[in-house]
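Structural characterization, general
Chain residues, written in single-letter form:
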Amino acid sequence: MDEAQIKRRVIPVMHREVHLLTAGRGTPLLLVHGSPNSSDALRPLIAFLAQEFFVIAPDTPGNGGSTPLPDDASTLGDYADALRDLLDALGLSQVGAYGYHSGASTVAELGRRYPHRLSALVCDGLPIWSERELREFEEGFFQSYAPVHDGSHLMRLWSRLIDQNWYFPWHRGAKGRQVRFDLNDTARLHDRAMELLIAGDAHMAPYRAVLESNGAERLHALTVPTLVMCHNDDVIAKHFHRLPNAPMVRRSRFKSRKHMRFRVRDWFAEHAREAALPPTTRMFEQGQNRFVDLRYGQVFVRGGSDPGAMWLHDVGESSRTAPATRMSFDLPGHGLTDIECPHDPYDLVRLIEDVFEALHADPSAPGILGAGLGYQLANMLSGTQSELRSTPCQVPEIDPRWDGGHLAAAWHYCRFRSQYRRWDNRIPQGRLNHPLPSPEDLHLQMIDVLRAGEHTLQRLLPFSVADLT
């Protein structure tokens with residue numbers, strides 16, 4: 001299956017919002033990523049398994065798009081209960097479950113607590129820590145990347161990502177075990193940086209939950225067929241030798257990731273059982289935030305129930321910036337919408353008309369408003385403006401860089417944008433009488449900008465800075 005066939009969904013679960021990926025048909029499988037990543041890290045495995053199964057891969061609480069657990073819910077049992085609640089919300093009585101690293105610990109706990117909900121289990125890279133290792137983690141592994149006004153937290157975060165490709169645990173440097181990963185793949189580093197930026201300090205809670213639990217005891221308690229496996233290059237491969245001989249557990253170690261995927265598929269084909277699935281069209285239409293399927297991709301729609309009261313956001317922003325009383329959606333090239341920004345801005349108008357059609361709404365309704373480019377688009381849709389106006393402007397250099405400099409560029413672009421009529425003309429006469437946003441607000445703005453990317457800004461930023469007076 002092509003990864004493009006994987007669909008992103010949203011579902012409300014116990015006063016929380018869970019974002020997840022789905023694909024395929026057949027026996028249901030639950031795939032749980034490791035921390036602090038998101039379900040996107042499992043896309044290759046999702047596409048492979050979806051050829052034979054119906055795959056559900058949620059963003060775990062506090063990661064990706066999913067709401068964190070309450071502050072007082074921080075044990076591994078709490079995270080396992082969150083998976084049970086998701087299965088309840090989906091109407092799934094039983095699934096096969098796969099987990100990677102911290103996700104492996106979580107699905108193992110799910111199997112220990114609720115064995116009737118699992119037909120089969122795969123734990124990929126299950127950690128079993130020694131007392132010495134636990135003490136080492138407490139000596140500096142958990143570091144805050146809370147936003148600060150000068151953006152210095154971004155360079156600390158990028159440095160951490162480099163270090164963890166050299167040493168495990170990353171915070172011990174040369175005192176840790178040397179690992180060898182390819183650092184030429186700047187795009188991969190950027191993806192991991194985005195996951196940490198989106199999770200924020202919530203990324204620490206699931207780590208702590210795993211460290212405070214006993215993996216060996218959990219394996220002995222399992223009563224469902226369980227495969228525990230790892231790749232030879234896994235940073236916790238040495239934990240494989242610590243696995244106890246548990247009655248329901250089989251162990252496999254691999255040199256080839258391709259062979260690992262086939263083993264996972266065969267394990268579920270042998271042990272996972274069919275289960276009744278609720279209609280997918282109903283399954284993900286329960287909350288205000290949702291994804292709308294178009295023939296060429298998905299659009300993320302946020303809030304509201306009246307498409308006639310729509311808000312169209314500006315370039316480099318997202319539906320997050322819409323007034324609370326209005327429905328909005330992430331424009332192509334922005335936010336969680338996976339449709340690329342078109343080269344021709346008038347194609348963007350046609351794409352927006354398609355979104356309105358999918359929402360059964362009239363794009364010319366007078367209640368449609370917006371900011372910057374969104375203001376022009378609203379006027380185009382209503383017929384009060386016949387063409388889009390643009391003004392040449394400088395575009396910030398935010399394509400991923402090997403040294404992480406693009407993160408600082410995006411941060412300071414947001415700072416300048418908040419203080420000047422035009423961010424690229426920073427003269428006193430162009431200064432706005434606006435207070436500087438808080439570091440927390442700038443952090444959210446920066447994530448929107450980085451999600452849009454430099455190519456989207458190149459195509460659309462001139463329409464945001466156009467003089468419309």
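Below is a summary of the structure that appears in this document. (Residues numbered from 1 in each chain as written. Predicted model: local features only at pLDDT ≥ 70, side-chain atom pairs only at ≥ 80, totals over all residues. Heavy atoms only, no water.)

1. Thoughts on the pairing of strand S3 (residues 27–32)
- Among the six residues in S3, six count as buried, and that is most of the element.
- Alternating residues of S3 divide into Thr 27, Leu 29 and Leu 31 and Pro 28, Leu 30 and Val 32, and every residue in both groups is buried.
- Judged from the four bridges that link them, S3 and strand S4 (residues 53–58) form a sheet pairing that is parallel. Its bridge partner being in S4, Thr 27 is matched across the sheet by Phe 53.
- Taking the sense of rotation as the criterion, the β-α-β connection linking S3, helix H1 (residues 43–49) and S4 turns out right-handed.
- As paired strands, S3 and strand S5 (residues 95–100) are joined by four bridges and run parallel to one another. (Buried < 20%, exposed > 50% of the residue type's maximum accessible area, 1.4 Å probe, protein only. Helix = DSSP H or I, 4+ residues; strand = E, 2+ residues; numbered from the N terminus. Pairing = 2+ DSSP bridges. Right-handed = clockwise from strand over helix to strand, strands pointing away.)

2. A short note on the environment of Ala 275
- As for its position among the elements, Ala 275 is in the loop between helix H9 (257–271) and helix H10 (280–283).
- Between the C-alpha atoms of Ala 275 and Val 95, which are 180 residues apart in sequence, the distance is 7.3 Å.
- Discounting residues that sit within four places of it in the chain, Ala 275 has contacts with Pro 28 and Gln 94. (Contact = heavy atoms within 4.5 Å.)

3. Here's the deal with the packing of helix H13 (residues 405–419) against helix H14 (residues 439–464)
- Where H13 contacts H14, the two axes come as close as 8 Å, and the packing angle between them is 100°. Comparing their axes, H14 and H13 come out roughly perpendicular. In this structure, H13 contributes His 406, Leu 407, Ala 410, Trp 411, Tyr 413, Cys 414, Arg 415 and Arg 417 to the contact, and H14 contributes Pro 439, Leu 442, His 443, Gln 445, Met 446, Val 449, Leu 450 and Leu 461.
- Partitioning the contact of H13 with H14 into residue classes produces eleven nonpolar, three polar and two charged. (Axes fitted to C-alpha atoms, helices over the stretch in contact; angles between N-to-C directions. Parallel < 35°, antiparallel > 145°, perpendicular 65-115°, else oblique. Nonpolar A, V, L, I, M, F, W, Y, C, P; charged D, E, K, R; others polar.)

4. Thoughts on helix H12 (residues 373–382)
- For H12, the buried fraction is high: eight of the ten residues fall into the buried class.
- By the burial criterion, the buried members of H12 are Leu 373, Gly 374, Gln 376, Leu 377, Ala 378, Asn 379, Met 380 and Leu 381.
- Buried-residue contacts for H12 involve strand S13 (310–312), helix H11 (345–358), strand S15 (369–370) and H14.
- Note on H12: the residue one or two positions beyond its end, Gly 383, has a positive phi of about 90°.

5. Overview of the pattern of salt bridges
- Following the criterion strictly, the structure yields 23 salt bridges and no others.
- Its salt-bridge partner being Asp 347, residue Arg 350 comes within 2.4 Å of it at the nearest N-O pair. On the criterion of helical spacing, the pair formed by Arg 350 and Asp 347 is a turn pair, its members being three residues apart in helix H11.
- Residue Arg 350 is classed as partly exposed on the basis of its relative accessible area, which comes to 44%.
- Residues participating in the shared-partner salt-bridge network are Asp 81, Glu 109, Arg 112, Arg 113 and Arg 218. (Salt bridge = Lys/Arg side-chain N within 4 Å of Asp/Glu carboxyl O.)

6. Focus: unusual backbone geometry
- Here Ser 35 and Pro 36 are connected by a cis peptide whose omega angle stands at 0°.
- Tracing the chain through its elements places Pro 36 in the loop between S3 and H1.
- Cis geometry is adopted by the peptide bond preceding Pro 169, which originates at Phe 168 and carries an omega value of -5°.
- Assignment of secondary structure puts Pro 169 in the loop between strand S7 (167–168) and strand S8 (177–178).
- Unusually for a residue other than glycine, Met 14 sits at a positive phi of about 50°.
- Looking at where Met 14 falls in the secondary structure, it is placed in the loop between strand S1 (7–13) and strand S2 (16–23).
- Even without a glycine there, the phi angle at His 101 is positive, about 55°.
- You can see His 101 is positioned in the loop between S5 and helix H3 (102–113).

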